[in-house]
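Close look at the chain arrangement
The chain contents come next:
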Amino acid sequence: MTTSGTSIFDMNFTEIAEEAYERAGREMRTGYDLRTARRSMDLLTIEWANRGINMWTIEQGTIDLVQGQNTYALPTDTIDLLDHVIRTNANSISTQSDLNITRISVSTYATIPNKLTQARPIQVWVQRLDGQTSNSGATLSGNITSTATEITVSDAANLPNTGFIKIDNETIVYGYISGNTLYNCFRGQNNTTAAIHLTGVKVYKNNLPCITVWPTPDQGTAASPYYQLAYWRMRRIQDAGAGVETADMNFRFLPAVTAGLAYHIAMKVPELADRIPMLKAAYDEQFDLAAGEDREKAAIRFVPRRAYIGGG
């Protein structure tokens, strides 16, 4: 007998939901059944992010650093950074170097006396924010050009001391606020384009996940960066969608997502309560099998790092 010769089996969300309902002991018959299953799957994948690293969601990226700017947006679906280096001579093919940059906590960053000191960055603070945009209640108090670095708003009371704002389709990062004026603004952040904005336009708070480096970069422009932050991030698993898309996961996790969805469905149906322990055990087993395989296979090497405190 001949084999199929293919290894492309996959399941769209509707097929996953149908299999999960059958394992739970029911049939999926209505549009509401599909909708509630979709909601459960979205919650399930968020649970997986809380369980640890999902290898297929690791992505590499770079951020061009600009002289005088210390805070930079990360992609909105970023959960956390797993590793990062500072790349010098970023525009050079032959002489660029990747150098260590140490991750620090908010407490450590808060104790740095002069956060505007300029040099090659050696430390990074990762702010794991939710990426939500909300109305600040402020509007522009005058027209601004696409190159303006100071922005005056009607009321800055609801804006954080430093952070990101969104005006029309442009994201802007600012360094500090004095009165109702935002200073040290860097335009066109988060893959947006600097533009002219008119008085009276609403100003939104942009709670973007971001990194803050120290020292502040001492050279480089957006057009010609000298430093880059190269990073490896863990992103969110994509949503279940409308029901016709395939699941955003490695094929090894299809048994786990099906078993987990069956367990979540049973928890919502009182007459299936007696099946919950069995379904949970099956889910835990399938997830442990998949997670045990979905891991880094390289050898681990530990290198001690020495720190010295100078004395008189």
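Quick note: structure is the one above.
Residues numbered from 1 in each chain as written. Predicted model: local features only at pLDDT ≥ 70, side-chain atom pairs only at ≥ 80, totals over all residues. Heavy atoms only, no water.

**Brief notes about the sheet that holds strand β15 (residues 210-214)**
Sheet architecture is open: four strands sit in the order β2-β15-β6-β5, paired in mixed fashion. Whereas interior strands pair on both sides, the edge strands pair on one side only; in this sheet they are β2 (71-73) and β5 (102-104). The average undirected angle you get between the axes of adjacent strands in this sheet is 30 degrees. Of the pairings in the sheet, the one linking β2 to β15 comprises three bridges and is antiparallel in character. Within β15, the residue paired with alanine 73 across the bridge is cysteine 210. (Pairing = 2+ DSSP bridges. Helix = DSSP H or I, 4+ residues; strand = E, 2+ residues; numbered from the N terminus. Axes fitted to C-alpha atoms, helices over the stretch in contact; angles between N-to-C directions.)

**Points about the packing of aromatic side chains**
One pair of aromatic rings is described through two measures. These are the centre distance and the angle between the planes. Per the counting criterion, the structure on display carries nine aromatic pairs. Seen from their ring centres, tryptophan 48 and phenylalanine 253 are 5.3 Å apart, and the 55 degrees between their planes marks the pair as tilted. Note that tryptophan 48 is positioned in helix α2 (residues 31-51) and phenylalanine 253 in the loop between β16 (228-235) and α4 (254-267), a separation of 205 residues in sequence. Just as tryptophan 48 is buried, phenylalanine 253 falls in that class too. Here the aromatic rings of tyrosine 263 and tyrosine 283 are separated by 6.0 Å at their centres, their planes lie at 25 degrees, and the arrangement is stacked. Of the two residues, tyrosine 263 sits in helix α4 while tyrosine 283 sits in helix α5 (residues 276-293), which places them 20 residues apart along the sequence. The class of tyrosine 283 is buried, set by a relative accessible area of 1%. (Phe/Tyr/Trp six-rings, centres within 6.5 Å; stacked < 30°, edge-to-face > 60°. Buried < 20%, exposed > 50% of the residue type's maximum accessible area, 1.4 Å probe, protein only.)

**Focus: the side chain of glutamate 170**
Residue position: glutamate 170 is located in strand β10 (residues 170-174). Every residue in contact with glutamate 170, bar those within four places of it in the chain, is listed here: Ile165, Arg187, Gly188, Thr192, Thr193, Ala194, Ala195 and His197. (Contact = heavy atoms within 4.5 Å.)

**Focus on the pattern of salt bridges**
Where side chains of opposite charge bring their charged atoms close, a pairing between them can arise. A complete count under the given rule lists 15 salt bridges for this structure. Here glutamate 27 ties to arginine 29 by a salt bridge, and the two come within 3.5 Å at their closest N and O atoms. By relative accessible area, which is 53% here, glutamate 27 ends up exposed. For glutamate 293, the salt bridge goes to lysine 297, with nearest N and O atoms at 3.6 Å. Through salt bridges with shared partners, a single network forms among Glu59, Asp77, Arg233, Arg235 and Asp248. (Salt bridge = Lys/Arg side-chain N within 4 Å of Asp/Glu carboxyl O.)

**Points about unusual backbone geometry**
Residues tryptophan 214 and proline 215 are joined by a peptide bond in cis, for which omega reads -10 degrees. Backbone geometry places asparagine 184, a non-glycine residue, at a positive phi of 55 degrees. Structurally, asparagine 184 is set in the loop between β12 (181-183) and β13 (186-189). Look at asparagine 190: it is not a glycine, yet its phi comes out positive at around 55 degrees. Its location among the elements puts asparagine 190 in the loop between β13 and β14 (202-206).

**Thoughts on the sheet that holds β12**
A sheet is described by the order of its strands in space; here three strands give the open sequence β8-β12-β11, paired in antiparallel fashion. Strands with a single pairing partner mark the edges of an open sheet, and in this sheet they are β8 (151-152) and β11 (176-178). Bridging between β11 and β12 involves three bridges; their strand directions are antiparallel. Residue pairing across strands places isoleucine 177 opposite leucine 182, the latter belonging to β12.

**Regarding the nonpolar core**
By size, the foremost hydrophobic cluster in this structure holds 33 residues, and its most contacted members are Met41 and Trp48. Those elements that place two or more of their residues in this core are α1 (13-24), α2, α4 and α5. If you tally residues by element for this core, the top one is α4, at nine residues. The residues contacting tryptophan 48, other than those within four sequence positions of it, are Asn54, Trp56, Ile237, Met249, Phe253, Ala256, Val257, Tyr283 and Phe287. Of all hydrophobic cores here, the second largest spans 21 residues; its members include Tyr72, Leu81, Val124 and Ile211. (Core = buried A, V, L, I, M, F, W, Y, C linked by side-chain atoms within 4.5 Å.)

**Re the packing of α1 against α2**
Two quantities define a packed helix pair, namely the angle between the axes and the distance from one axis to the other. α2 packs onto α1 with a crossing angle of 95 degrees between their chain directions and a minimal axis gap of 10 Å. It follows that α1 is roughly perpendicular to α2 by the angle criterion. Facing α1, whose interface residues are Phe13, Thr14, Ile16, Ala17 and Tyr21, α2 presents Asp33, Leu34, Thr36, Ala37, Arg38 and Met41. The residue inventory of the contact of α1 with α2, partitioned by class, reads seven nonpolar, two polar and two charged. (Parallel < 35°, antiparallel > 145°, perpendicular 65-115°, else oblique. Nonpolar A, V, L, I, M, F, W, Y, C, P; charged D, E, K, R; others polar.)

None of the figures reported here should be taken as evidence of function without further support.
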